[in-house]
Amino acid sequence: MITRYTFGNPVETYAVPQKPEACGKLLPFFERSEDGLTYSMKLNKDEIVYGLGEQIRGINKRGWTYTSFCADNPHHEEGTHSLYGAHNFLVFDREKPFGVFFDHPGEMTFDIGYSDLDTIKITARYPDTDIYIIDGETPYGIVRAFRKLIGQSYIPPLFGFGFQQSRWGYRCKEDVDRVLEAYSAYGLPLDSVCLDIDYMEDYKDFTVNSGRFPDFEDYVASLKKENIHLIPIIDAGVKIEEGYDVYEEGRENGYFCKKQDGSDFVAGVWPGRTHFPDFLNPDVRKWFGEKYYRLTEAGIEGFWNDMNEPAMFYSDEGLEKAKQQIQAVFSKEIDIEGFFALGGLMNSISNSPADYASFYHEFDGIRARHDTVHNLFGYNMTKAAAEAFAAKYPDRRLLLYSRASYIGAHRYGGIWTGDNMSWWSHLLLNIKMMPSLNMCGFLYSGADLGGFGADTSGDLLLRWLQFGIFTPLMRDHSAIGTLLQEPYRFGNIDAFRRTLQLRYRLMGYIYSEFMKAALEDECLFRPLAFDYPEDTFAKRVEDQLMFGESLMLAPVYEQNARGRYVYLPEDMLFVKFISLEEAENERFVEYLEDGTPYIAKPMPAGHHYIDVALDETHLFVRPGKLLPLLRPANTTAELDFTAPEVIAYPHGQKELAYRYYTDDGVTKDYTEASHFKNIVFTVK
Ligand code: MIG
C-alpha cells in the first residue's frame with residue numbers, strides 16, 4: 001500500500017506520474033519537527049537501510065550522512081556527501097518493513113545512524129514536500145511497488161547494450177578512425193564510440209567542428225554501414241556568442257534562467273561564458289529538445305548529457321568577488337594565511353551555494369529560485385531530449401544517458417555515474433551502487449570502466465571490464481591527460497578479447513533480463529537479501545549481487561587477487577570462462593559449441609574460496625536455472641539471437657525453462673506477446 005502525505009505547497013516534480021490522493025493523516029513512523037524541516041525515527045540495532053540510488057558507500061546505507069544535491073563532484077570517496085544524482089528513496093528492513101520517498105527537489109540530508117547510531121534524521125531545506133510511505137511484506141516487494149509508482153524505466157535501443165569506447169581527448173575523425181582500426185585489427189567487439197566536447201565548434205551545443213569532422217553526415221553514415229554508432233556529448237550551458245543561433249533564439253525568447261534583476265544568468269563552463277536553458281519550463285524543453293534533431297538528422301542515434309547538475313566553474317559575480325579577494329591578498333606582503341586563502345579561492349567559487357541561490361526558473365505559473373528546485377535541472381534536460389525524440393520518432397528508441405538525475409529521470413534516459421577514479425575501491429563502489437540505482441528506477445546505468453581520473457592499469461581495467469560485462473551501460477571512458485585506456489593498450493589481448501566477447505555471448509540473457517526488469521518493475525541487480533530474505537548471512541553480503549533470474553555475481557575487485565571468498569546461499573553452479581591453454585590443465589572443462597572452454601562445477605551452499613585468474617571471468621548459475629548464450633559477434637547488430645545454446649544447472653530437475661525475450665532492438669512494441677519465448681531444457 002502506498003500513501004501520500006503532502007506538507008505545504010510542493011512544486012510539481014513529475015517524479016510520480018499518477019499521484020495518489022494525499023491523505024490528511026499524520027505521517028507514520030517519523031517524528032516531524034514543528035518547522036517541518038526534520039524527520040527523525042529510531043532505528044533498530046540490526047535494521048538494514050536500503051536505497052538512495054547514486055551515492056557513495058555500501059548497499060546498507062547506515063553509518064553516514066548523505067546529501068541529495070546534484071553535484072559535479074569527482075571525489076567519490078568516503079568523506080563525500082553528494083554525487084550527481086538525488087534519489088530520495090529509502091527502504092527500512094524491520095519487522096514491518098516500509099519504504100519512504102521524499103519528493104523534494106531542494107537539498108535534503110539523510111543522517112542514517114551517523115550522529116546517533118540508532119537514529120535516522122532527515123532534513124529538508126524547505127517544509128514543502130510530498131512524502132510517500134510504501135508498506136509491503138518484504139523490502140523487495142516495497143521496492144517493486146515503488147518502481148511501479150514512479151513508472152516504467154527507460155529502455156535503450158539494442159546497440160546501447162553493445163560495448164562503448166570513449167575518451168575525453170578524441171578530437172577528430174582521425175582519432176576515432178584510429179580507435180576503430182585498432183578494434184578491428186585486434187578483433188575486439190564494439191558498438192559505439194562516444195564523442196566528448198572536442199567534436200563541437202568552440203564547445204557550442206549542436207555544432208560539429210567541420211575541420212575536425214569534415215562531411216560529418218557522410219562519416220556517420222559510413223560508420224553505420226559497419227554497425228558503429230557515434231554518441232556525441234551535449235552540455236547544459238549554451239555559449240554566449242553573437243550569431244550563434246541557439247544563443248540568439250534563447251535570449252530573444254527569454255528561455256534562459258534569469259537573475260533577480262531579470263537579466264540572463266551567466267555561468268562559466270567549457271565554452272566560456274554561458275547561459276543555462278530553463279529546462280523546467282516545457283516551452284524551453286521543446287525548443288532545446290528540437291535542437292537535437294540537427295544531429296539526429298545527420299544520422300546520430302545516441303547522446304550523453306553532461307554538466308547538468310548544473311556544473312559551473314564560476315559566475316560573473318563569483319569571479320569578481322574572488323578577484324577582489326585576491327587583490328586584497330596581494331595588496332600586502334603574502335603571509336601563510338594569505339597563501340592558503342589564495343589556493344582555496346578559485347576552487348571555492350565553483351558550484352557555489354551563493355550562485356545556485358542567484359537565478360530563477362519559471363514554469364507552471366511559478367517562479368522558483370534555483371536552489372529550491374536544483375535537483376530537477378539535469379532531469380529536465382534529459383526530459384527535453386527524450387520528449388523531442390518521442391515527438392519526432394514515436395516508434396524508435398534513441399540512446400540517451402545523463403550525468404545528473406532525480407527520480408523521474410529514469411523514465412527518460414539512463415545515467416552514467418560520473419567522474420570516478422582508476423582505483424580498485426571505485427570498482428567496488430560500482431558493484432555496490434548498481435542495486436541501489438536499480439531500486440530507484442535507473443536500470444540503464446554504468447560507471448566509467450577502468451576509471452575516469454588518474455592512470456589506470458591493465459589489471460584494473462580487465463577486472464573492471466569483467467564486472468562491466470553485466471552493467472547495461474558498458475563503457476570504457478577516461479579523462480584527458482590520463483594514460484590511454486582502450487583495452488588494446490595493455491597487451492594480454494586474448495584476455496581482453498575473451499572478456500568483451502563474453503558480453504556479446506551473454507547478450508541474449510542481459511537483454512532478456514533487462515527487458516523483464518523494465519517491463520515488470522524488477523531490479524536487474526539485487527542484494528542477496530532480496531532473494532534470500534531468511535538467510536541472515538546473505539543479508540550482510542555487500543560484494544556479491546544477484547543478476548537477473550539465473551545468476552549470482554561475485555566479482556574480483558582486489559589487485560593481485562587470484563580469486564576470492566564467496567558465500568553461496570544455496571547450491572550453485574560455478575561457471576568460469578577460461579583460456580584454451582588453461583583448459584588443458586583443468587578437470588571440469590566443458591566446451592561451448594564454438595569450442596570455447598569453460599569450467600562448470602557444482603558447489604554446495606556455504607562458504608568457499610574460488611580460484612579466478614586475472615584472465616578469467618566467472619559467474620554462478622542458480623539451481624534449476626538456465627543461462628542462454630549466443631555466438632559472439634563484433635557488434636550487437638550481427639548477433640544471432642535465435643536458438644541460443646544454454647548452460648544449465650538442473651540440480652535434480654528434469655525440465656528447466658527460461659523466459660527469453662527478443663525484439664528488433666529498435667521499435668517500441670515491447671509488450672508484443674511474440675517477443676517472449678520459452679526456452680526449455682530437458683535433462684537426458
Ligand atoms: O568538466 O566533457 O563527467 O565524462 O569527459 C569535465 C569532459 C566535463 C565531465 C564528464 C566527463 C567528460 C568531461 N566532463
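Residues numbered from 1 in each chain as written. Predicted model: local features only at pLDDT ≥ 70, side-chain atom pairs only at ≥ 80, totals over all residues. Heavy atoms only, no water.

1. Digging into the sheet that holds strand β2 (residues 31–32)
So, step 1. Read from one edge to the other, the open sheet built from five strands follows the order β2-β3-β10-β9-β5, with strand pairing classed as antiparallel. Single-partner strands in this sheet number two, and they are β2 and β5 (64–68).
So, step 2. Summarising the sheet, strand β9 (residues 108–112) and strand β10 (residues 119–124) pair through five bridges and their orientation is antiparallel. The residue of β10 that forms the bridge with M108 is A124. (Pairing = 2+ DSSP bridges. Helix = DSSP H or I, 4+ residues; strand = E, 2+ residues; numbered from the N terminus.)

2. Side note on the pattern of salt bridges
So, step 1. For the coordinates displayed, the defined rule picks out 52 salt bridges.
So, step 2. A salt bridge links E201 to K204, with the shortest nitrogen-to-oxygen separation between them at 3.5 Å.
So, step 3. Judged by its relative accessible area of 31%, E201 falls in the partly exposed class.
So, step 4. A relative accessible area of 6% means that K204 is categorised as buried. (Salt bridge = Lys/Arg side-chain N within 4 Å of Asp/Glu carboxyl O. Buried < 20%, exposed > 50% of the residue type's maximum accessible area, 1.4 Å probe, protein only.)

3. Things to note about the packing of aromatic side chains
So, step 1. Here the structure, examined in full by the defined rule, presents 63 aromatic pairs.
So, step 2. Centroid distance F102 to F110: 6.2 Å. Interplanar angle 70 degrees. Geometry classified as edge-to-face. Of the two residues, F102 and F110, neither departs from the other in class, the shared state being buried.
So, step 3. Aromatic side chains F206 and Y292 sit 5.1 Å apart centroid to centroid with 70 degrees between the ring planes, which places their arrangement in the edge-to-face category. You can see F206 sitting in the loop between β13 (192–195) and α3 (216–225) and its partner Y292 sitting in the loop between α5 (282–291) and α6 (293–296), a full 86 residues away along the chain. Neither F206 nor Y292 differs from the other in exposure class; each is buried.
So, step 4. R57 extends its terminal NZ or CZ atom over the ring of W64, reaching a point 3.9 Å from the ring centre. (Phe/Tyr/Trp six-rings, centres within 6.5 Å; stacked < 30°, edge-to-face > 60°. Lys NZ or Arg CZ within 6 Å of the ring centre and 35° of its normal.)

4. A short note on α3
The α-helix winds at 3.6 residues per turn, so residues separated by three or four positions along the chain end up facing the same way.
So, step 1. Those residues of α3 lying buried are F216, Y219, V220 and L223. Taken around the axis of α3, the buried residues stretch over an arc of 100 degrees, which confines them to a single face. Of the exposed residues in α3, the ones pointing more than 90 degrees away from its buried face are D218 and K225.
So, step 2. Against the buried residues of α3 lie α2 (173–186), β13, β14 (229–235) and α6. (Arc of directions from axis to C-beta. Contact = heavy atoms within 4.5 Å.)

5. Quick look at the nonpolar core
So, step 1. In terms of nonpolar packing, the biggest core is built from 209 residues, with F30, F89, L90, F92, F216, L230 and L619 touching the most fellow members.
So, step 2. Ranked by size, the runner-up nonpolar core spans 17 residues in total, among them A538, A554, M572 and I610. (Core = buried A, V, L, I, M, F, W, Y, C linked by side-chain atoms within 4.5 Å.)

6. Quick look at a negative patch on the surface
So, step 1. Residues D395, D664, D669 and E672 make up a contiguous surface patch of negative charge.
So, step 2. Looking at where D669 falls in the secondary structure, it is placed in the loop between β40 (655–661) and β41 (676–682).
So, step 3. Among the residues examined, D669 registers a relative accessible area of 37% and is labelled partly exposed. (Patch = residues over 30% accessible without salt bridge, like charges linked within 9 Å, V, L, I, M, F, W, Y side chains within 5 Å. Areas by Shrake-Rupley, 256 points an atom, 1.4 Å probe, with all protein chains shown as cover. Lys, Arg positive; Asp, Glu negative; His and termini not counted. Charge placed at Lys NZ, Arg CZ, Asp CG, Glu CD.)

7. Re the domain arrangement of the protein
So, step 1. Domain parsing of the protein yields domain 1 (2–150), domain 2 (158–239 + 277–313 + 374–506) and domain 3 (508–682).
So, step 2. Tallying the contact residues gives 40 residues for domain 1 and 36 residues for domain 2.
So, step 3. Summed over both sides, the interface between domain 1 and domain 2 buries roughly 3,000 Å², with carbon and sulfur atoms accounting for 60% of that surface.
So, step 4. At the junction of domain 1 with domain 2, the criterion picks out one salt bridge.
So, step 5. For R403, the salt bridge is made with D72, and the minimal N-O distance between the two is 3.4 Å.
So, step 6. Among the elements of the structure, β4 (48–51), β6 (85–86), β8 (98–103) and α1 (139–150) are those that each provide at least two residues to the side of domain 1 that touches domain 2.
So, step 7. Sort the elements by how many residues they give to the side of domain 1 that touches domain 2 and α1 lands first, with four residues.
So, step 8. Residue composition of the side of domain 1 that touches domain 2, grouped by class: 22 nonpolar, 12 polar and six charged. (Domains from an automatic or database assignment. Buried area = accessible area lost by both parts, 1.4 Å probe. Nonpolar A, V, L, I, M, F, W, Y, C, P; charged D, E, K, R; others polar.)

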